[in-house]
Amino acid sequence: MTFTIQTIARSLADYLAPHLPGVSFYEDPNQQGSEMPCAFLQQRFSYLTLRTGGRWLRRIGLDLTYLEDCNLPNLQQRYQSAAEALDLVLETFPYSGGTSSTLLRTYDREWRIDADALHYKFELRAFVSLPEAFAPMERLTTGITERSEL
């Protein structure tokens, strides 16, 4: 299974479309030509940790940003409504990475409303394998060579 931010964004958009009707989903921050309301996904961090048995735990921090037209009189209520809808449906979501699919669990979910957007932040944790060609360096070299005195 291929695990990329683009496939996560597509899977989230497919899953959230019925829960946030009328919202346009973008894979990255779209500065011009966005149809409001809209949402896009941004990666905030990624950590890779070696676990027992040679397994690697990938922790990915994501920010699902939800935007509305800033001139609406009920903007705060619309953002709160969207945040509550996300709270109800984002404990898990179906992920499709090409030919196979699985259910992903979200961790450390939190949201905040700024003056211009709703930021719904969460973390994904997945055990991954590294490509077979990956071979970490056995030892580091400093590049310093010894000089002999003449």
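Residues numbered from 1 in each chain as written. Predicted model: local features only at pLDDT ≥ 70, side-chain atom pairs only at ≥ 80, totals over all residues. Heavy atoms only, no water.

So, on to the environment of Tyr-95. Counting through the fold element by element, Tyr-95 comes out in strand E4 (residues 92-96). With ten residues separating them in the primary sequence, Tyr-95 and Arg-105 have C-alpha atoms 9.9 Å apart. A polar atom in the side chain of Tyr-95 sits 2.5 Å from the side chain of Thr-7. (Helix = DSSP H or I, 4+ residues; strand = E, 2+ residues; numbered from the N terminus. Polar contact = N/O pair within 3.5 Å; in protein donor to acceptor, adjacent residues only side chain to side chain.)

Cis geometry marks the peptide bond from Met-36 to Pro-37, where omega comes out at -10°. Note on placement: Pro-37 falls in the loop between strand E1 (24-26) and strand E2 (38-50).

Moving on to the packing of aromatic side chains. Counted by the stated rule, this structure contains three aromatic pairs. Consider the rings of Phe-45 and Tyr-47, whose centres lie 5.0 Å apart with planes at 35°: the pair is tilted. Aromatic pair Tyr-66 and Tyr-79: ring centres 5.9 Å apart, planes at 80°, arrangement edge-to-face. With Tyr-66 in strand E3 (residues 56-67) and Tyr-79 in helix H2 (residues 75-89), this pair connects stretches of sequence that are 13 residues apart. There is no split in this pair, since Tyr-66 and Tyr-79 are both buried. One Lys or Arg, Arg-55, reaches over the ring of Phe-127 and ends 3.8 Å from the middle of that ring. In this structure, Arg-125 packs its charged tip against the face of Tyr-107, placed 4.4 Å from the ring centre. (Phe/Tyr/Trp six-rings, centres within 6.5 Å; stacked < 30°, edge-to-face > 60°. Buried < 20%, exposed > 50% of the residue type's maximum accessible area, 1.4 Å probe, protein only. Lys NZ or Arg CZ within 6 Å of the ring centre and 35° of its normal.)

Right, let's talk about the sheet that holds strand E5 (residues 101-113) for a bit. Reading across from one edge, E1-E2-E3-E6-E5-E4 is the order of the six strands in this open sheet, with mixed pairing throughout. Here the strands that pair on one side only, and so sit at the sheet edges, are E1 and E4. Neighbour-to-neighbour, the strand axes of this sheet turn through a mean angle of 30°, independent of strand direction. The pairing of E1 with E2 spans three bridges and is classified as parallel. Bridge pairing links Tyr-26 to Phe-40 in E2. (Pairing = 2+ DSSP bridges. Axes fitted to C-alpha atoms, helices over the stretch in contact; angles between N-to-C directions.)

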